[in-house]
Amino acid sequence: MARTQTHIAQVDPIWARVLDEAETAVADEPLLGGLIHQSVLHHPSLERALSYRISLKLASGEMSEQILREICDEAYAGDPGLGNAARADISAVYDRDPACHRFLQPLLFFKGFQAVQSYRIGHWLWQQGRRDLSYFIQMRVSEVFGIDIHPAARIGKGIMIDHAHSIVIGETAVVGDNVSMLHSVTLGGTGKEEQDRHPKIGDGVLIGAGAKVLGNIRVGNCSRIAAGSVVLSEVPPCKTVAGVPARIVGEAGCAQPAMSMDQILSSGA
């Protein structure tokens, strides 16, 4: 069965690679054979595998795995962009996380990737006007993964969240393409404003561990936010900011900080 799927999947190089790695993993560690077959090799596409994985993780006594799987299948059928974003996210994790050695790992083991894909289902529900169900997905993602992303937030593709513990992304936040962030990042609001109150993160931005970006401010493309910083004002493109409150300390250091993942502040930043 797996070999047939691998042949078919040649038109989808990401899925083909996941299948090849899954077969190798089963041969290397037979005790994981059941998990890998159920999660990967029994499915005809990455979308169907994601539906299975998300529903398995988020199911509870309040919502069955079968119902959640039907919701996920509906979302992937209704918006092919969800699957395309997942493929970009897998590639981003593989390219940027030195602990990721196979495309298979995010799908099976990395909660940052799994949480973002679950958020994408919740966001699709939000766009369909199914607000209560999207809030349910948000709640379960927070309970299961320790990551709280409002379903109305807009998040691009090619996202890598490393370690991914205690991430908070607010309702009106926008995150561009090819963004990398580490654990304990908050994209939050200030005060009790109810309108547009959360940060707008540009493309290619690197956000270090524990950084807080607060308010309706713009973080420019390809900028870098140092770990532990509290950002309260606009960040121009291609700059490094650090401190509490954060200040510009130099250039970003490279053309694509989110790709290089270089968090060391040199004398010239």
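See the structure shown above.
Definitions and limits used
Residues numbered from 1 in each chain as written. Predicted model: local features only at pLDDT ≥ 70, side-chain atom pairs only at ≥ 80, totals over all residues. Heavy atoms only, no water. Axes fitted to C-alpha atoms, helices over the stretch in contact; angles between N-to-C directions. Helix = DSSP H or I, 4+ residues; strand = E, 2+ residues; numbered from the N terminus. Parallel < 35°, antiparallel > 145°, perpendicular 65-115°, else oblique. Left-handed = near helix turned anticlockwise from the far one by under 90°. Contact = heavy atoms within 4.5 Å. Nonpolar A, V, L, I, M, F, W, Y, C, P; charged D, E, K, R; others polar. Patch = residues over 30% accessible without salt bridge, like charges linked within 9 Å, V, L, I, M, F, W, Y side chains within 5 Å. Areas by Shrake-Rupley, 256 points an atom, 1.4 Å probe, with all protein chains shown as cover. Salt bridge = Lys/Arg side-chain N within 4 Å of Asp/Glu carboxyl O. Pairing = 2+ DSSP bridges. Core = buried A, V, L, I, M, F, W, Y, C linked by side-chain atoms within 4.5 Å. Buried < 20%, exposed > 50% of the residue type's maximum accessible area, 1.4 Å probe, protein only.

Chemist: Got a minute to help me understand the packing of helix α6 (residues 80-96) against helix α8 (residues 111-127) in this structure?
Modeler: How two helices pack is summed up by the angle between their axes together with the distance between the axes. For the pair α6 and α8, the least separation of the axes is 11 Å and the interaxial angle reads 160 degrees. Relative to α8, the element α6 is oriented roughly antiparallel. Read as a crossing pair, α6 and α8 show a hand that is right-handed. In this structure, α6 contributes Leu-82, Ala-85, Ala-86, Asp-89 and Ile-90 to the contact, and α8 contributes Phe-113, Val-116, Gln-117, Arg-120, Ile-121 and Trp-124. Here the residues of the contact of α6 with α8 sort into eight nonpolar, one polar and two charged.

Chemist: I tried to follow a nonpolar patch on the surface on my own but got confused; where do I start?
Modeler: On the surface, Leu-32, Leu-35 and Phe-109 cluster together to form a nonpolar patch covering roughly 230 Å² of accessible area. Inspection of the secondary structure assignment puts Leu-32 in the loop between α2 (13-28) and α3 (33-41).

Chemist: What is the right way to read the pairing of strand β15 (residues 247-251) from this model?
Modeler: Regular strands show a simple pattern: their side chains alternate between the two faces of the sheet. Note that strand β14 (residues 239-242) and β15 share four bridges and pair antiparallel. By the bridge assignment for β15, Ala-242 is matched with Arg-247.

Chemist: It is not clear to me how the pairing of β14 should be interpreted in this structure. Could you clarify?
Modeler: As defined by bridge partners, strand β12 (residues 224-225) adjoins β14 across two bridges and the pair is classed as parallel. Residue Arg-224 lies in a different strand from β14, and its bridge partner there is Thr-240. A loop of four residues connects β14 with β15, the two strands running antiparallel in sequence, and Gly-243 in this loop sits at a positive phi of about 110 degrees.

Chemist: I would appreciate a short explanation of the nonpolar core in the present structure.
Modeler: The tendency in soluble globular proteins is for nonpolar side chains to be buried side by side. Counting residues in each nonpolar core, the largest one holds 76 residues, and the members touching the most others are Val-40, Ile-121, Ile-169, Met-181, Leu-187, Ile-201 and Ile-207. With near-sequence residues (within four places) excluded, Ile-207 lies in contact with Ser-180, Met-181, Leu-182, Val-185, Leu-187, Ile-201 and Ile-225.

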